[in-house]
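# Observations on the three-dimensional arrangement
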Amino acid sequence: MSGTKQIQSALISVFHKDGLEPIVKKLHEFGVTLYSTGGTERFIQDLGIPVVAIEDVTSYPSILGGRVKTLHPKVFGGILNRQDHEGDIEEMAKFEIPQLDLVIVDLYPFEKTVASGASEQDIIEKIDIGGISLIRAAAKNFKDTVCVSSMEDYNDFLQLITESGGSTTVADRKRFAARSFNVSSHYDTAIFNYFNADHEIAALKVSETQGKVLRYGENPHQRGFFFGDFDTMFDKLHGKELSYNNLLDVDAAVTLMLEFWGEAPTFAILKHNNACGIAQRDTVHQAYVDALAGDPVSAFGGILICNTTIDAATAEEIHKLFCEVVIAPDFDADALEILKGKKNRIMLKMKQTALPETIVRACLNGALVQDRDHKTDTAEDLTQATDNKPSDSELADLLFASKVCKHTKSNTIVLAKGKQLCASGTGQTSRVDALRQAIDKAKSFDFNLNGAVMASDAFFPFPDCVEIADKAGIKAVIQPGGSIKDQLSIDYCNEHGLAMVMTGTRHFKH
């Protein structure tokens with residue numbers, strides 16, 4: 001095959017030694033000359049395999065506490081020389097530079113060191129200099145050199161040389177070069193983002209090395225991909241592969257349920273990124289039953305999530321409903337068996353994993369980036385705007401409704417009673433339309449709105465919403481406030497006995 005080269009020499013300098021032994025032994029079996037330094041050199045020696053110290057090639061020791069080991073022309077010349085270039089061949093001979101056909105590198109674990117909470121000095125020392133330089137050099141010269149840039153590629157490389165008898169084609173080398181530049185670019189992105197944690201430099205660098213091709217995108221005629229480490233957030237216990245739309249709904253479900261983490265059993269049902277039912281009760285079974293009552297029609301084909309273990313009684317109820325995904329921190333064994341009764345139903349066991357601090361979305365010919373909305377309205381945030389004060393039960397419902405409202409598409413109005421979602425108006429161009437939609441929907445499912453509360457994601461510029469709410473039986477309102485006409489709504493509430501509190505925080509979601 002054109003471009004096939006036999007590996008005759010290799011430079012190995014890795015942080016992680018796991019999985020390296022069979023490669024070293026296989027290379028030795030093929031008669032490959034091995035070069036190394038430091039801990040990797042000792043590792044190879046301990047295997048009883050001959051290895052040439054880089055210091056013997058460069059006639060220069062490792063210096064500055066190991067910061068400078070491989071940065072030398074005799075090393076990089078051996079990697080970067082063009083084996084069909086007459087001038088390079090002459091210089092290799094003149095300066096006695098050894099040919100290096102293979103470079104195996106595994107970089108210092110910078111990201112893991114940052115995640116561990118290590119000191120800045122320890123983090124800085126884990127910025128690899130020599131390794132990243134070796135990767136770039138070997139990958140650039142893929143015509144003559146093969147680069148294995150991560151322990152994740154050890155198995156693939158071992159299989160390749162085992163099957164080929166120690167040779168590589170130019171296609172093989174180019175494939176490994178692409179992986180190498182993926183490693184190097186990701187590494188540099190992580191370092192930049194560490195130094196730019198306060199975003200003083202207005203630059204966006206996002207790198208996800210784990211990706212998955214989806215069946216399709218939002219619609220069948222669109223391609224779709226997911227980039228991220230799904231397995232750090234969930235154990236997938238059962239069901240079909242998640243689709244693009246499933247993943248969007250799972251994201252919406254998780255961000256909503258995190259508002260209720262550690263609280264009494266709470267169950268939510270979502271459809272198209274919005275909650276169509278949610279309730280908090282003493283038992284997970286009752287929480288599910290009352291969440292479903294919020295909109296049993298929209299629940300068909302929905303995403304279900306709760307903040308506690310799902311038991312058999314709850315599973316029996318869920319099993320009556322066609323749903324795409326069920327998410328919980330755990331499932332009792334018998335509950336899991338019941339829910340596995342539908343072969344395509346996706347079961348996800350949710351782990352406690354932090355979500356990214358920033359949110360990125362495509363916009364025009366670029367991207368919009370913003371901080372995640374970590375603000376959850378609490379009783380301490382509230383300002384009583386009206387003469388009438390909400391009762392304790394109304395206050396609890398207002399805060400419950402506010403959490404749901406925060407995670408519902410704007411413009412939105414959320415109606416709740418007894419820590420149960422009665423209805424919401426979602427994604428409306430008018431707040432009045434959102435309120436009317438919520439009232440009509442609540443009535444269609446026989447909710448009695450007398451004594452219910454209303455949450456709004458943004459302020460009321462006119463008193464029309466509180467007037468409509470009052471006539472529907474709603475007794476308390478929570479909203480951000482901030483309109484120059486706030487007083488109009490306050491006056492109406494005072495005149496008609498409604499309680500209103502203001503949070504001072506808007507929660508638009510587009």
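Everything that follows concerns the structure shown earlier in this document.
Residues numbered from 1 in each chain as written. Predicted model: local features only at pLDDT ≥ 70, side-chain atom pairs only at ≥ 80, totals over all residues. Heavy atoms only, no water.

## What to know about the pattern of salt bridges
Pairs can form between side chains of opposite charge whenever their charged atoms are close. Our working definition: Salt bridge, as applied in this entry: a Lys or Arg side-chain nitrogen positioned within 4 Å of an Asp or Glu carboxyl oxygen. Secondary structure elements are defined from DSSP: runs of H or I of at least 4 residues count as helices, runs of E of at least 2 residues count as strands, and each element is numbered from the N terminus. Working definition: with a 1.4 Å probe on protein chains only, accessible area under 20% of the residue-type maximum means buried, over 50% means exposed, and in between means partly exposed.
Within the structure shown, the criterion is met by 20 salt bridges. In this structure, the salt-bridge partner of Lys-403 is Glu-263, at a minimum N-O distance of 2.5 Å. Taken together, the residues Lys-403 in helix 15 (residues 392-406) and Glu-263 in the loop between helix 11 (244-257) and strand 11 (266-271) connect sequence positions 140 residues apart. Given a relative accessible area of 33%, Glu-263 falls into the partly exposed group. For Asp-381, the salt bridge identified is with Lys-375, shortest N-O distance 3.0 Å. A residue is classified by how much of its surface remains accessible, and Asp-381, at 22% relative accessible area, is partly exposed. Here Lys-375 falls in the partly exposed class, since its relative accessible area comes to 32%. Salt bridges here are not isolated pairs; linked through shared partners, they connect Asp-153, Asp-156 and Arg-179.

## Digging into the environment of Asp-122
Along the chain, Asp-122 falls in helix 7 (residues 120-125). Since its relative accessible area comes to 43%, Asp-122 is described here as partly exposed.

## What to know about the side chain of Ser-402
For clarity, the threshold we go by: The contact rule is simple, with two residues in contact once any of their heavy atoms fall within 4.5 Å.
With respect to the helices and strands, Ser-402 occurs in helix 15. By relative accessible area, Ser-402 is classed as buried at 7%. Ignoring sequence-local partners within four residues, the contact set of Ser-402 consists of Asp-377, Ala-455 and Ile-478.

## Considering the environment of Leu-204
Residue placement: Leu-204 occurs in the loop between helix 10 (170-195) and strand 8 (211-213). Sequence separation between Leu-204 and Arg-67 is 137 residues, and the spatial gap between their C-alpha atoms is 30 Å.

## Structural notes on the sheet that holds strand 2 (residues 9-14)
Here is the rule we go by: In this scheme, strands are said to pair when DSSP sees at least two bridges between them. Angles here are taken between N-to-C directions and fall from 0 to 180 degrees, while the axes themselves are lines fitted to C-alpha atoms, restricted in helices to the stretch in contact.
With parallel pairing, five strands are arranged side by side in an open sheet as 4-3-2-5-6. Strands with a single pairing partner mark the edges of an open sheet, and in this sheet they are strand 4 (52-53) and strand 6 (146-148). Where strand 2 lies against strand 3 (residues 33-36), four bridges are found, and the strand directions are parallel. Paired with Leu-11 across the bridge in strand 3 is Tyr-35. Contacts from helix 9 (residues 154-164) reach strand 2, strand 5 (102-106) and strand 6, with the element oriented near 160° to strand 5.

## Section: the sheet that holds strand 12 (residues 274-280)
Read across the open sheet, the six strands follow the order 10-15-14-13-11-12; overall the sheet is mixed. Where the open sheet ends on each side, the last strands, each with one partner, are strand 10 (234-238) and strand 12. For this sheet the average axis-to-axis angle between neighbouring strands, irrespective of direction, equals 20°. Sheet analysis places strand 13 (residues 302-306) next to strand 14 (residues 323-328), joined by four bridges and oriented parallel.

## Some remarks on the packing of aromatic side chains
Spelled out, the test is: Here the aromatic set is Phe, Tyr and Trp, taking the six-membered ring for Trp, and pairing holds for ring centres within 6.5 Å; pairs whose planes are under 30 degrees apart are stacked, those over 60 apart are edge-to-face, and all others are tilted.
If you walk through the whole model with that rule in mind, you get 11 aromatic pairs. Here Phe-110 and Tyr-187 contribute two aromatic rings whose centre-to-centre distance is 6.3 Å and whose plane-to-plane angle is 65°, an arrangement assigned as edge-to-face. Note that Phe-110 is positioned in helix 6 (residues 110-115) and Tyr-187 in helix 10, a separation of 77 residues in sequence. Neither Phe-110 nor Tyr-187 differs from the other in exposure class; each is buried. A centroid spacing of 6.0 Å and a plane angle of 90° characterise the contact between Phe-157 and Phe-176, whose relative ring orientation is edge-to-face.

## Digging into unusual backbone geometry
In the segment running from Ser-410 into Asn-411, the intervening peptide bond is cis, with an omega of -15°. Relative to the helices and strands, Asn-411 is located in the loop between helix 15 and strand 19 (413-416). Backbone geometry at Asn-273 places phi at a positive 75°, although glycine is not the residue there. You can see Asn-273 is positioned in the loop between strand 11 and strand 12. Classification of Asn-273 as buried rests on a relative accessible area of 17%. Non-glycine residue Asp-446 carries a positive phi angle of around 65°. Looking at the secondary structure, you find Asp-446 in the loop between helix 16 (431-444) and strand 21 (453-456).

## What about the environment of Leu-304?
Along the chain, Leu-304 falls in strand 13. A relative accessible area of 0% means that Leu-304 is categorised as buried. Beyond its immediate chain neighbours, meaning those up to four positions away, Leu-304 contacts Phe-267, Ala-268, Ile-269, Tyr-288, Ile-318, Leu-321, Cys-323, Val-325, Val-326 and Ile-327.

## Here we look at the pairing of strand 17 (residues 366-371)
Note that strand 16 (residues 358-363) and strand 17 share six bridges and pair antiparallel. If you follow Cys-363 over to strand 17, its bridge partner there is Gly-366. Adjacent in sequence and paired antiparallel, strand 16 and strand 17 are bridged by two residues, among which Leu-364 carries a positive phi angle near 50°.

## Some words on a nonpolar patch on the surface
What counts here: Put simply, a patch holds well-exposed residues, over 30% relative accessible area, that have no salt bridge, with like charges counted together within 9 Å and Val, Leu, Ile, Met, Phe, Trp or Tyr side chains within 5 Å. Surface accessibility follows the Shrake-Rupley procedure with a 1.4 Å probe radius. Residue values consider only the protein chains on display as shielding.
A cluster of nonpolar side chains, contributed by Leu-204, Val-206, Val-360 and Val-369, occupies part of the molecular surface with about 330 Å² of accessible area. With respect to the helices and strands, Val-206 occurs in the loop between helix 10 and strand 8.

## Points about the packing of helix 4 (residues 73-80) against helix 8 (residues 130-140)
Here is the rule we go by: Roughly parallel means an angle under 35 degrees; roughly antiparallel, over 145; roughly perpendicular, 65 to 115; everything else is oblique. Ten residues, namely Ala, Val, Leu, Ile, Met, Phe, Trp, Tyr, Cys and Pro, are considered nonpolar, four, namely Asp, Glu, Lys and Arg, are considered charged, and the remaining ones, Gly among them, are considered polar.
Axis separation between helix 4 and helix 8 bottoms out at 8 Å; the angle between their running directions is 30°. In this view, helix 4 runs roughly parallel relative to helix 8, as classed from their interaxial angle. The segment helix 4 lies against helix 8, with Val-75, Phe-76, Ile-79 and Leu-80 engaging Ser-133, Leu-134, Ala-137, Ala-138 and Lys-140. Of the residues in the contact of helix 4 with helix 8, the class split is seven nonpolar, one polar and one charged.

## Some words on a negative patch on the surface
What counts, and what does not: Here Asp and Glu are counted as negative and Lys and Arg as positive; His is not counted, and neither are the chain ends. In this description, the location of a charge corresponds to atom NZ of lysine, CZ of arginine, CG of aspartate or CD of glutamate.
A grouping of Glu-316, Asp-332, Asp-334 and Glu-337 is seen on the molecular surface, where their side chains present a negatively charged patch. Turning to its location among the elements, Glu-337 is positioned in helix 14 (residues 333-339). Residue class for Glu-337 comes out exposed when judged on its relative accessible area of 52%.

## Topic: the pairing of strand 15 (residues 346-350)
With four of five residues buried, strand 15 lies mostly within the body of the structure. Examined bridge by bridge, strand 10 and strand 15 share four bridges and lie antiparallel to one another. Each bridged residue has a counterpart across the sheet, and for Phe-234 the counterpart in strand 15 is Met-350. Summarising the sheet, strand 14 and strand 15 pair through four bridges and their orientation is parallel.

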